Amino acid sequence: LEVEDEEDEEEEEKTEKVTTWSWERVNVQSAIWSRGEVTDSEYKEFYKTISKDFTDPATWIHFKAEGEVEFKSILFIPSQAPHDMYDNYYQKSAQLRLYVRKVLITDEFEDLVPRYLNFLRGVVDSDDLPLNVSRETLQQHKVLKVMGKKLVRKALEMLRKLATPKDKDDDEEDEEEDEDKEVEDAEETDPYIKFWEAFGKNIKLGIIEDAPNRSKLQKLLRFKTNKSGDGYVSLEDYVENMPDFQKSIYYISGESIESVENSPFLEKLKKKDLEVLYLVDPIDEYAIQHVTEYDGKKLQSVSKEGLSFGGDNEKVEKKILETYKDTYQPLTSYLKKLFESKVNKVIVSPRVETTPCILVTSQYGNSANMERIMRSQAFSDPSKAQHMGSQKTMEINPRHPIIAALNRKVESDPEGQDTSDTAWLLYDTALLQSGFAQDDVDSFALRMFRTMKSALDLESL
C-alpha cells in the first residue's frame, strides 16, 4: 500500500505584529546659563521668552560667581521701559527667576536686588540654597544677601560698560576713519542715552536709596547743560571740561529747560563761559541732596547765596562790590525795612548782569523749585507752608539804571507812595522771575492798579 507523506504539505505562514519604540531625547541642550558658548541670537531669544518682550534687550551680562557663594546668572536690561514703570514703584520687583539646581523656585523673587533695579530681567541659579524649604524661609536665608550684593555689583558693572564710549575702551583703535563711518556713528544714538531716557529715574532713586553704591551710581548720571545742546553730559565730562579757576560744579533747578535757560541766575556764568547743569526732573531736587561733591568738586546751586566764581579778577571784583555797597547803602536799608519779613536781607549782587534784582535762598534752605514741588504734593499741608519756605535774600544789580534811579528816589523822597510802589513792584518781579509764587495776590493787584493809574494820568480809580 502507498502511504501519502503529509510533511510535503507546506504549512501556511502566520504573521505577528510587533511594536518597537525608538526614543529621541528632546532636551538635549543644557540650561543656557550653564553653557560656555552662547550666541547673541540665543541670548535675545531667551530674553524674549522670559520677559514676554518683543524687542531685543539693550545689553546683557552672563557670569558665574565664585567664592563664598557660587551661582550662575544672566542679567538683561530691556531696551524700553514699560508704560506703567513708575505707577506703582514700591510694589514692583525685578523679574529675576530664581532656580536652585535648575529647579524653578519663583518667577519674581523680592529683595534679591534693590527696588531701583526693578527693570532687570534674567535668571539666577544656585546650588548653595536649600531646595526643600518654603519660600518664606528661603527669603530670609543669609546666602541671598551675599547673592544680592554680587548681582548689584554685576548690574552696575554692566551699566558702566554700556555708558563707556567704545573709543575709550579701544586704545589701540586707529584714529583714521572713513567719512561714511563718521556720518553713520553720528546718526546712531548712544545706547546708554537710550537707557538713560527710559530708566534715568531709577538711577536717581538709587542715588537716594543705595548709599554703599552711591559713588558708582554718580558716574551713571547724565544731565542737560547750557553747553550740551541736544546731548547729555556726565559729571566726569563736566569736571574734565572745567577751567582751571573753577572750583565748584554749578547747577540750577527748575520746571523745564526753557525756564532755566533764560533764568537771571545764569547771567554771570554765561558771561564767564561756565557750564551749568540743568535739573528739570522733580526727583532731581531730592537726588542732588545726596550728591554733595564729585571728584573733590562741591556741587553749588546758582540760585542760593554764597555763590563764588573764582578767577584772576576775583579780588578786583570784591573791591568794586565793596564800593557799590557804600553807594547803595540807603537803598538796601530802605528795602529791608519796607519788606520786613519778606526778605532776610538785601545786598548788592555779584551774579546778575542785566536783571535789576533777584531773590536767592539760604545755602541749606529749599530752592524755589523745591517749594513748588512740595506745594504740589497730594498730601501737602498748607498750614505748614511758612515753615517750608526758606529765607530769601534780595540781591540788587548796582549797574542797572532802575536800581540807580530808585536809589536816588529813596534819598530824595523815602516816604512817597510812588517810591514804595516802585520798590514793591521790584520785589514782585524778582519773586516771579526767581521762580517763587506770589503769596499776597490782592496787595500785588492793588499796587499794579496804582502803577497803571500813574502811567495813564488818572485822577482816581
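For the structure itself, consult the block above.
Source: prediction; values computed, not measured.

A.B. asks: Kindly report on the side chain of Asp-284, identifying the contributing residues and their values.
C.D. replies: Relative to the helices and strands, Asp-284 is located in helix α11 (residues 282-287). Judged by relative accessible area, Asp-284 falls into the buried class, the value being 6%.

A.B. asks: Account for empty space enclosed by the protein, naming residues and giving values.
C.D. replies: The full count for this structure, using the stated rule, is 1 cavity of 30 Å³ or more. Put simply, the largest cavity is a space of about 70 Å³. Lining the largest cavity we find Lys-204, Ile-207, Leu-221, Phe-223, Leu-279, Asp-284, Ala-287, Ile-288 and Val-291. Elements with a contribution of two residues or more to the lining of the largest cavity: α6 (191-209) and α11. Of the residues contributing to the lining of the largest cavity, the split by class is 7 nonpolar, no polar and 2 charged.

A.B. asks: Outline the packing of helix α13 (residues 329-339) against helix α16 (residues 401-412), supporting the account with residue identities and numerical values.
C.D. replies: Where α13 contacts α16, the axes come no closer than 9 Å and their chain directions differ by 80°. As summarised for this structure, α13 and α16 are arranged roughly perpendicular, according to the angle between their axes. On the side of α13, the interface is formed by Pro-330, Leu-331 and Tyr-334, while α16 contributes Ile-403, Leu-406, Asn-407, Val-410 and Glu-411. Partitioning the contact of α13 with α16 into residue classes produces 6 nonpolar, 1 polar and 1 charged.

A.B. asks: Any details on the pattern of salt bridges? Residues and values, ideally.
C.D. replies: For the coordinates displayed, the defined rule picks out 20 salt bridges. Across the pair Asp-281 and Lys-204 runs a salt bridge, and its minimum N-O distance is 3.4 Å. Linking Asp-281 in the loop between β8 (276-279) and α11 with Lys-204 in helix α6, this pair joins segments that are 77 residues apart in sequence. In this structure, Asp-281 and Lys-204 share a single accessibility class: buried. For Arg-450, the salt bridge is made with Asp-421, and the minimal N-O distance between the two is 2.9 Å.

A.B. asks: Talk me through the packing of helix α17 (residues 417-433) against helix α18 (residues 441-455); I want residue IDs and the actual numbers.
C.D. replies: For any two helices packed against each other, one specifies the crossing angle of their axes together with the interaxial distance. Following both chains from N to C, one finds α17 and α18 inclined at 125°, their axes separated by 10 Å at the closest point. With respect to α18, the element α17 is oriented oblique. At the point where α17 passes α18, the crossing takes the left-handed sense. Contacts between α17 and α18 involve Gln-417, Asp-421, Trp-424, Leu-425 and Asp-428 from the former and Phe-444, Arg-447, Met-448, Arg-450 and Thr-451 from the latter. Of the residues contributing to the contact of α17 with α18, the split by class is 4 nonpolar, 2 polar and 4 charged.

A.B. asks: Now, about the packing of aromatic side chains: what can you tell me, with residues and values included?
C.D. replies: To describe a pair of aromatic rings, you give the distance between the ring centres and the angle between the ring planes. On inspection of all chains with the given rule, the structure shows 16 aromatic pairs. Aromatic pair Phe-195 and Phe-199: ring centres 5.5 Å apart, planes at 35°, arrangement tilted. Of this pair, Phe-195 and Phe-199 are both found in helix α6, 4 residues apart, which corresponds to roughly one turn of the helix. The exposure classification of Phe-195 matches that of Phe-199, with both residues buried. Three or more aromatic residues joined by ring pairs form one cluster here, namely Trp-33, Tyr-43, Phe-46, Tyr-47, Trp-60, Phe-76 and Tyr-99. One cation-aromatic arrangement involves Lys-224 over Tyr-232; the distance from NZ or CZ to the ring centre is 4.5 Å. The ring of Phe-436 has Lys-392 sitting right over it, with the charged end atom 4.9 Å from the ring centre.

A.B. asks: Quick rundown of the sheet that holds strand β12 (residues 357-361)? Include the residues and the values.
C.D. replies: Pairing in this open sheet of 3 strands is mixed, and the strands run β11-β13-β12 from one edge to the other. The strands lining the two open edges of the sheet, one partner per strand, are β11 (345-348) and β12. Here the average twist between neighbouring strands, direction ignored, is 30°. Note: β12 against strand β13 (residues 392-396), 5 bridges, orientation antiparallel. From the neighbouring strand, Ile-358 faces β13, where its bridge partner is Glu-395.

A.B. asks: Go over the pairing of β11, please, and point to the residues and values.
C.D. replies: Side chains Val-346 and Val-348 project from β11 onto a buried face, and the interleaved Lys-345 and Ile-347 project onto a face without burial. Of the pairings in the sheet, the one linking β11 to β13 comprises 4 bridges and is parallel in character. If you follow Val-346 over to β13, its bridge partner there is Met-394.

A.B. asks: Could you give me a rundown of α6, with the residues and numbers involved?
C.D. replies: For α6, spanning 19 residues, the distance from its first C-alpha to its last is 25 Å, which sits close to the expected 27 Å at 1.5 Å a residue. Where α6 bends most, at Phe-199, the angle is about 75°.

A.B. asks: A description of the nonpolar core should follow, citing residues and the corresponding values.
C.D. replies: Counting 77 residues, the largest nonpolar core has Phe-119, Leu-120, Met-147, Phe-195, Tyr-250 and Val-302 as its most contacted members. If you look at the next biggest cluster of nonpolar residues, it comprises 24 residues, including Val-346, Ala-368, Ile-396 and Trp-424.

Criteria and thresholds
- Residues numbered from 1 in each chain as written.
- Predicted model: local features only at pLDDT ≥ 70, side-chain atom pairs only at ≥ 80, totals over all residues.
- Heavy atoms only, no water.
- Helix = DSSP H or I, 4+ residues; strand = E, 2+ residues; numbered from the N terminus.
- Buried < 20%, exposed > 50% of the residue type's maximum accessible area, 1.4 Å probe, protein only.
- 1 Å grid on protein atoms, 1.4 Å probe; cavity = no way out; pocket = protein on both sides within 12 Å on 5 of 7 lines; lining within 4 Å.
- Points joined across faces, edges and corners; volume = space filled by probe spheres on them.
- Nonpolar A, V, L, I, M, F, W, Y, C, P; charged D, E, K, R; others polar.
- Axes fitted to C-alpha atoms, helices over the stretch in contact; angles between N-to-C directions.
- Parallel < 35°, antiparallel > 145°, perpendicular 65-115°, else oblique.
- Contact = heavy atoms within 4.5 Å.
- Salt bridge = Lys/Arg side-chain N within 4 Å of Asp/Glu carboxyl O.
- Left-handed = near helix turned anticlockwise from the far one by under 90°.
- Phe/Tyr/Trp six-rings, centres within 6.5 Å; stacked < 30°, edge-to-face > 60°.
- Lys NZ or Arg CZ within 6 Å of the ring centre and 35° of its normal.
- Pairing = 2+ DSSP bridges.
- Expected span 1.5 Å × (residues − 1).
- Bend = angle between axes of the 7 residues up to and from the residue.
- Core = buried A, V, L, I, M, F, W, Y, C linked by side-chain atoms within 4.5 Å.

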